[in-house]
Amino acid sequence: MIDYKKEIAKIIGSIVKIDDKEIKKMVEKPANNEMGDFSFPCFKLAKELKKSPMIIAQEICEKMKLDAEVFENIEIVNGYINFFVNKERIIKEVLEEVSNKKEEYGKSTLGAGQNIIVEYSSPNIAKPFHIGHLRNTVIGSSLYNMYKYLGYNTIGINHLGDYGTQFGKMIEGYKRWGQEYNIDENPIEELTKIYVRINDLCKKDEDVLKACRDNFKKLEDGDPYCTEIWNKFREVSLNEFNRIYELLGVKFDSLNGEAFYSDKMPEVEELLRNSGRLIKSEGAEIIDLEEEKMGVCMIKKSNGSTTYATRDLAAILYRARTYDFDKCLYVVAYEQNLHFKQIFEVAKLLGIDEKYIKGLQHIPYGMVHLKSGKMSTREGNVIKVEDLLKESISRVKQIIKEKNPDMENLEENARKIGIGAVIFNNVATTIIKDQIFDWDTILNFNGETGPYIQYTYVRTNSVLNNSNGVKDVKKIDFSVLTDKESLEVIKKIYEFNNVIENSVDKNEPSLLARYLLELAKNYSTFYNNNKILVEDEKTKDARVFLTYSVGIVLKIGMKLLGIEMPDKM
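One structure accompanies this document, and this report is about it. Just so it is clear, the structure is predicted and the values come from calculations on it, not from any experiment.

The next thing to look at is the overall build of the protein chain. Secondary structure summary: the protein chain contains 22 helices and 13 strands in total. By principal-axis analysis of the C-alpha atoms, the protein chain measures approximately 80 × 70 × 40 Å. Among the 569 residues that make up the protein chain, the fraction classed as buried is 54%. Long-range pairs, those at least 24 residues apart, make up 74% of the contacts in the protein chain with a sequence separation of at least 6. For the protein chain, the exposed area adds up to about 26100 Å²; of that, 46% sits on carbon and sulfur atoms. Averaged over its 82 positive side-chain charges, the protein chain has a centre that lies 1 Å from the centre of its 89 negative ones.

Glancing now at the environment of Val16. If you trace the backbone, Val16 turns up in helix 1 (residues 4–16). Since its relative accessible area comes to 14%, Val16 is described here as buried. Distance from Val16 to Ile60, taken between C-alpha atoms, is 7.7 Å for residues 44 residues apart in sequence. Beyond its immediate stretch of four places on either side in the chain, Val16 contacts Ile23, Leu45, Leu49 and Ile60.

Let us now look at the side chain of Glu269. Residue placement: Glu269 occurs in helix 11 (residues 265–275). The contact partners of Glu269, leaving out residues within four places of it in the chain, are Leu278, Ile299, Lys300, Thr306 and Thr310.

At a minimum axis separation of 5 Å, helix 8 (residues 187–204) and helix 9 (residues 206–220) run at an interaxial angle of 125°. Our classification of the angle between helix 8 and helix 9 gives oblique. Packed against helix 8, whose contacting residues are Ile198, Leu201, Cys202 and Lys204, the element helix 9 presents Glu206, Val208, Leu209 and Cys212 at the interface. The residue makeup of the contact of helix 8 with helix 9, split by class, is six nonpolar, no polar and two charged.

Spatially, four strands are ordered 5-4-9-10 in an open sheet, and the strand pairing comes out parallel. The two strands at the open ends of the sheet, each matched to only one other strand, are strand 5 (153–157) and strand 10 (360–365). Put simply, the sheet's adjacent strands are angled 20° from each other on average, direction ignored. Note that strand 4 (residues 115–119) and strand 9 (residues 327–333) share four bridges and pair parallel. Bridge pairing in strand 9 links Ile116 to Lys327.

Peptide bonds are trans in most cases, and residues, glycine excluded, mostly fall at negative phi. The phi dihedral of Glu282 falls on the positive side, at around 55°, and the residue is not glycine. Here Glu282 is to be found in the loop between strand 6 (278–281) and strand 7 (284–288). A residue is classified by how much of its surface remains accessible, and Glu282, at 80% relative accessible area, is exposed. The residue Asp324 is not glycine, and still its phi comes out positive at about 45°. With respect to the element layout, Asp324 can be found in the loop between helix 12 (308–323) and strand 9. What makes Asp324 partly exposed here is its relative accessible area of 34%.

A word on the sheet that holds strand 1 (residues 38–41). Taken in spatial order, the three strands of this open sheet run 1-3-2, and their pairing is antiparallel. Every interior strand has two partners, whereas the edge strands, strand 1 and strand 2 (71–77), have only one. Adjacent strand axes in the sheet meet at a mean angle of 20° when their direction is disregarded. Summarising the sheet, strand 2 and strand 3 (residues 80–85) pair through six bridges and their orientation is antiparallel. Among the inter-strand pairings, Val77 is bridged to a residue of strand 3, identified as Tyr80.

Turning our attention to the nonpolar core. Nonpolar side chains in soluble globular proteins tend to end up buried together. Membership of the largest hydrophobic core comes to 186 residues, with the highest contact counts inside it found for Ile60, Phe83 and Ile493. Residue contributions to this core peak at twelve residues, all from helix 22 (residues 537–560). Apart from residues lying up to four places away in sequence, Phe83 is in contact with Ile8, Ile12, Gly36, Asp37, Phe38, Phe40, Met64, Leu66, Phe71, Asn73 and Ile74.

Residues lying three or four places apart along an α-helix face the same way, a consequence of the helix completing one turn every 3.6 residues. Of the positions making up helix 4 (residues 53–63), those classed as buried are Ile56, Ala57, Ile60 and Cys61. Looking straight down helix 4, one finds its buried side chains confined to an arc of 125°; they lie on one side. Turned more than 90 degrees off the buried face of helix 4, the exposed positions are Glu62 and Lys63. Considering only its buried residues, helix 4 is in contact with helix 1, helix 3 (46–49), strand 2 and strand 3.

Turning next to the side chain of Glu97. Along the chain, Glu97 turns up in helix 5 (residues 87–101). Discounting chain neighbours no more than four positions away, the residues touching Glu97 are Met1, Lys102 and Tyr105.

Once that is clear, we can look at the packing of helix 12 against helix 13 (residues 337–346). At their nearest, the axes of helix 12 and helix 13 sit 10 Å apart, and the two run at 50° to each other. Judged by the angle between their axes, helix 12 and helix 13 are oblique. Remark: the crossing between helix 12 and helix 13 carries right-handed chirality. Between helix 12 and helix 13, the residues in contact are Tyr308, Ala309, Asp312, Leu313 and Ile316 and His339, Phe340, Ile343 and Val346, respectively. Here the contact of helix 12 with helix 13 is built from residues that sort into seven nonpolar, one polar and one charged.

Quick look at helix 5 now. With 15 residues, helix 5 extends 21 Å from end C-alpha to end C-alpha; this agrees with the ideal 21 Å at 1.5 Å per step. Looking only at helix 5, the buried set comprises Ile90, Ile91, Glu93, Val94, Leu95, Glu97, Val98 and Ser99. Its side-chain oxygen at 3.2 Å from the backbone nitrogen of Glu88, Asn86 defines the N-terminal cap of helix 5. Looking one or two residues past helix 5, Lys102 carries a phi angle of roughly 50°, positive in sign.

Okay, the packing of aromatic side chains next. Inspection of the entire model under this criterion finds 26 aromatic pairs. Centre to centre, the rings of Tyr4 and Tyr494 are 5.3 Å apart; their planes meet at 65°, and the pair counts as edge-to-face. Highlighted residues: Tyr4 in helix 1 and Tyr494 in helix 19 (residues 484–494), separated in sequence by 490 residues. By the ring-pair criterion, three or more aromatic residues cluster together here, those being Tyr120, Phe129, Tyr144, Phe241, Tyr245 and Phe252. Between the NZ or CZ atom of Arg197 and the centre of the ring of Trp177, over which it lies, the distance is 4.1 Å. A cation over a ring is seen here: Lys264 above Phe260, with NZ or CZ 4.1 Å from the ring centre.

Definitions and cut-offs
- Residues numbered from 1 in each chain as written.
- Predicted model: local features only at pLDDT ≥ 70, side-chain atom pairs only at ≥ 80, totals over all residues.
- Heavy atoms only, no water.
- Helix = DSSP H or I, 4+ residues; strand = E, 2+ residues; numbered from the N terminus.
- Buried < 20%, exposed > 50% of the residue type's maximum accessible area, 1.4 Å probe, protein only.
- Contact = heavy atoms within 4.5 Å.
- Areas by Shrake-Rupley, 256 points an atom, 1.4 Å probe, with all protein chains shown as cover.
- Lys, Arg positive; Asp, Glu negative; His and termini not counted.
- Charge placed at Lys NZ, Arg CZ, Asp CG, Glu CD.
- Axes fitted to C-alpha atoms, helices over the stretch in contact; angles between N-to-C directions.
- Parallel < 35°, antiparallel > 145°, perpendicular 65-115°, else oblique.
- Nonpolar A, V, L, I, M, F, W, Y, C, P; charged D, E, K, R; others polar.
- Pairing = 2+ DSSP bridges.
- Core = buried A, V, L, I, M, F, W, Y, C linked by side-chain atoms within 4.5 Å.
- Arc of directions from axis to C-beta.
- Left-handed = near helix turned anticlockwise from the far one by under 90°.
- Expected span 1.5 Å × (residues − 1).
- Polar contact = N/O pair within 3.5 Å; in protein donor to acceptor, adjacent residues only side chain to side chain.
- Phe/Tyr/Trp six-rings, centres within 6.5 Å; stacked < 30°, edge-to-face > 60°.
- Lys NZ or Arg CZ within 6 Å of the ring centre and 35° of its normal.

Set out below in structure tokens:
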């Protein structure tokens, strides 16, 4: 399928003698469709060419030789050169591409030969899997899916929070009150009660807090009792988490959490000592990053126990050697911005190849707050994901019973819609933005929501079921689809691969989510203004094939976001 931006870059690049790749990056899509399909802003060349954008645009257009098979027309508007594509060509190429690729439309080998690690979810064991973890999980999962779709060798890692002082606290709480709680029957809830209780005691008694820290040091040293309790916490937690991952349809290639790196940290400490940057400070061992304006990165506490930073550095070393990564993405809330700046800086001292340092990237996302404020496991005010998903499914079932009481596969469709609504809510807005959790918003099935896209998909299926089937694309009369509504849909379908590439380039799933909303809206406009199942066979076949194409793209796009499509709504 023709790459229009590439064609524009070749035309302009040959005139202004600037690299085609640089020109291609400058090509834009006009905000108003009436102004063209693609636009080149000449003001970006004004400084280099020492001329006004209007003069540059005029001179380029005078020298330009347009291929009418590719572009029908160009216009100059305020220093922009606007390009109008050949309608029949784009219709033919898009529909033929959909026909050939079907449910692999938009797929590519762009990332062939490149290894991408995506670290996501990473909940703390022995704590509830709450809505903050949900956002992390679905953002990371969608990035994982998109990278894979573009041909990258993608490794999804769930870096479980299964180490640290918090487990010293859990062990201390379990020692004191373990017999009072039925951990086998309701593990996470009971362990959370213990965690809240021991935290309260730590606030009141410094000796208890010291005992907790000592417990973690014992765990690091392999103490049998502490290790046995820790293994129990990890096992029951993973059982709970896996039930949620199964509901969400999320998978990982590795569950190597923080504890996995416990025997790999001594090498990190040795490498840092050999660098001459590891120094003693008040009994602890640190890397001073004050000159880099990053404060101090603690590598070892005064009691000899390790830190998050030590374990993350050990993970970088291990991943470089094991996966030879081109990128290692950390999907972690923006609260950890400083932490990642520090470990990426300290990683330079490990002696690994520069390519690994360049490949380290923190993907920060906004926090999820309750209307009453910030969630905290210590305070016991969290909303558990399992409760949220079950509530969403339950509310969807109630809506379906009111609107379509005889629906087949009620349970299955309600599951897909309910979970889809929750996932879409988490990826539909720019990920860096904070979210206020609100039941009314998350389960509002009208407007710009996941269920709206699912409803549009179900509508396309209904049209196909009521037609005589989808005709061979070679028998489609493309001239029937040159009306405004049909063209808007086709041009939107054309953008699909580019949207996935942009989403990956910016590590921003919301770009794909917004695109799917726009495609669904464009199709709804087409559907409302054009009767599809008409008597004229040419018109009907063309519009049915267009409908089929929309359904294909919506299904692929939602699958990349981790959302399944229902049969009926």
